[in-house]
Amino acid sequence: MARILVTEKLAQAGLDAMAAAGHEVVEELEWTPESLLTLIKGANALVVRSATKVTKELLEAGTDLMVVGRAGVGLDNVDIEAATQLGVMVVNAPESNILSAAEHAFALLLAQARNIPQAHSALIAGRWERAKWEGVELHGKTLGIVGLGRIGALIAQRAMAFGMRVIAYDPYTTQERAKRMGVELLSLDELIADADFITIHLPKTKETTGLFNAELLAKTKKGVRIINAARGGLIVEQDLADAINSGHVAGAALDVFDKEPSTDSPLFGIASVVVTPHLGASTEEAQDKAGEQIAEQIVLALNGDFVPYAVNVSAGAASEAVRPYLGIAESLGRFLAELCEDMPDVLDVEFEGALAGENTSILTLSVLKGVLGVVTEEPVSYVNAPRIADERGLKVRESQSATSVDRHNVITVRSSTHAVSGTLRGGFANQPSFVEIDGHTLDLSPTSVLLIVRNDDRTGMIGMVGTALGDAGVGIVNMAVAQQSDVDGTALMAIATDRLTDEATIAALRAKDGILDVHQVRGV
């Protein structure tokens, strides 16, 4: 059972899901940055929203932390670099609020075009101001979307329903994808010169912070209206206020600000500016989805499983074809490390069969995690495995071959002295199996304790080993025997035992005539 610290309000469904997985869920909603340094002690997971600043100091205080979960999309409040250095996984819920965020951005666009909040405020204050709050139609206007990701794509669909022409800037989107969406892909300069409305949907990075500054705003079409419901800091607020006051920009609508909570901005008080206090994800549905999604990621991380939305794991996503092989890949890494007397300098990971057509980087990372888990005392995770390997001088090479002699998929892990191969029996959903050890073909399920005996290929060897184990009180649970290998003509026994074999018995076995080597392998 792990301890999960939750520092901000989370949907009850998310809290229940983590508790149902057998974990202790501790809600601490009243805290200070100082008290949080104490609260984090003993916690294995930390779940936050946007108010909790997960600093390097906090991460270092959480010596038992395995994972930090942000119940939402943005990660501006999490020091991802520090978390990675400390081996703490960072996960978020990137699909929880995309619909809510897109709808809010479009609501801001409509509100700005038709001056709805201003007219509302005037009317309830006793002023009937029809002429003052005349707006503009969306139909026939050009909408420029800066950032054509998931939210930007949803905005494009809604804009087209209003009869708008849609153009977009996104360096990571292909012309083919944009064309399929009915969107014209342009450079940023081309977009801002052509758009009647600009809506921003970018992440906050070093490159995008302050992107919409005085220089860029001066290049926009006169009378443009700007919407930002993405991240605060993408727009220089004073520069936008100046551009509106000068009459070059007709107006703006913002849900996010450089500093939040924000109660003072040069944009506040300008009649043609609509503002909301970061409400993009503030719907009942988005909150429920964020809580449920982050709970799922936290439970997976605490179980040591693959986590789809881990943001600081240096591997590609695991496809449906790849994911079933994560367990056998890690087992093969542990197996090889147990066979090797010293940590190898070079680790070769080979994929044969249909897996060769997939992105297998996460499987290679699983192998590395397995190897390092045996050879180092430091806790190893998907996050810190590459760093530990680099510090220890371990080089990892990956290769693929679409052909496999007799199995659908085979993973082989090889050092300069040993090699082990594994697969899943019968395909994707079946049991893992070791199918080759140092050139010896066999079929053996992973188990908690294995004794690997390489011997001369002659009669009586199995009985001799069985007798020695029996005399030592070690029971044999299962055994796979491989006769002459193509490598050196020796035979091999892989024996699953009910307990560890003591070193004296192993030494006695090694001394027997015909026994060439004995290795005890644990935890595979």
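This text follows the structure it describes.
Residues numbered from 1 in each chain as written. Predicted model: local features only at pLDDT ≥ 70, side-chain atom pairs only at ≥ 80, totals over all residues. Heavy atoms only, no water.

### Some details on the sheet that holds strand E19 (residues 449–455)
Two orientations exist for strands paired in a sheet by backbone hydrogen bonds: parallel and antiparallel.
So, step 1. Pairing within the open sheet is antiparallel, and its four strands lie in the order E20-E21-E19-E22. Looking along the sheet, the strands with just one partner apiece sit at the ends: strand E20 (476–482) and strand E22 (515–522). Going across the sheet, the axis of each strand differs from the next one's by a mean of 15°, ignoring polarity.
So, step 2. Relative to strand E21 (residues 491–497), E20 runs antiparallel, the two sharing six bridges. (Pairing = 2+ DSSP bridges. Helix = DSSP H or I, 4+ residues; strand = E, 2+ residues; numbered from the N terminus. Axes fitted to C-alpha atoms, helices over the stretch in contact; angles between N-to-C directions.)

### Section: the pattern of salt bridges
So, step 1. One pass over the structure, following the stated rule, counts 16 salt bridges.
So, step 2. The closest approach of N and O atoms between Arg127 and Glu129, which form a salt bridge, is 2.8 Å.
So, step 3. Here Asp189 and Lys219 are joined by a salt bridge, their closest N and O atoms 3.9 Å apart. Pair noted here: Asp189 is in helix H9 (residues 188–194) and Lys219 is in the loop between helix H10 (214–218) and strand E10 (224–228), with a separation of 30 residues, a long-range link. (Salt bridge = Lys/Arg side-chain N within 4 Å of Asp/Glu carboxyl O.)

### Thoughts on the packing of helix H13 (residues 326–339) against helix H14 (residues 361–375)
Each pair of packed helices gets described by two things: the angle between the helix axes and the distance between those axes.
So, step 1. Their axes nearest at 7 Å, the elements H13 and H14 cross at an angle of 35°. Considering the relative orientation of H13 and H14, their crossing is right-handed. Of the residues in H14, those in contact with Leu326, Ala329, Glu330, Gly333, Arg334, Ala337 and Glu338 of H13 are Ile362, Leu363, Ser366, Val367, Lys369, Gly370, Val371, Val374 and Val375.
So, step 2. A per-class count over the contact of H13 with H14 returns nine nonpolar, three polar and four charged. (Left-handed = near helix turned anticlockwise from the far one by under 90°. Contact = heavy atoms within 4.5 Å. Nonpolar A, V, L, I, M, F, W, Y, C, P; charged D, E, K, R; others polar.)

### So, the pairing of strand E1 (residues 3–6)
So, step 1. Inspection of the sheet shows E1 paired to strand E2 (residues 24–27) by four bridges, in the parallel sense. Across the sheet, Leu5 pairs through a bridge with Val26, a residue of E2.
So, step 2. A crossover links E1 with its parallel partner E2, the connecting element being helix H1 (residues 12–20), and its sense is right-handed.
So, step 3. With three bridges connecting them, E1 and strand E3 (residues 45–48) associate as parallel partners. Within the sheet, the bridge partner assigned to Val6 lies in E3 and is Val47. (Right-handed = clockwise from strand over helix to strand, strands pointing away.)

Note that every value here comes from positions in space, so none of it alone points to a role or purpose.
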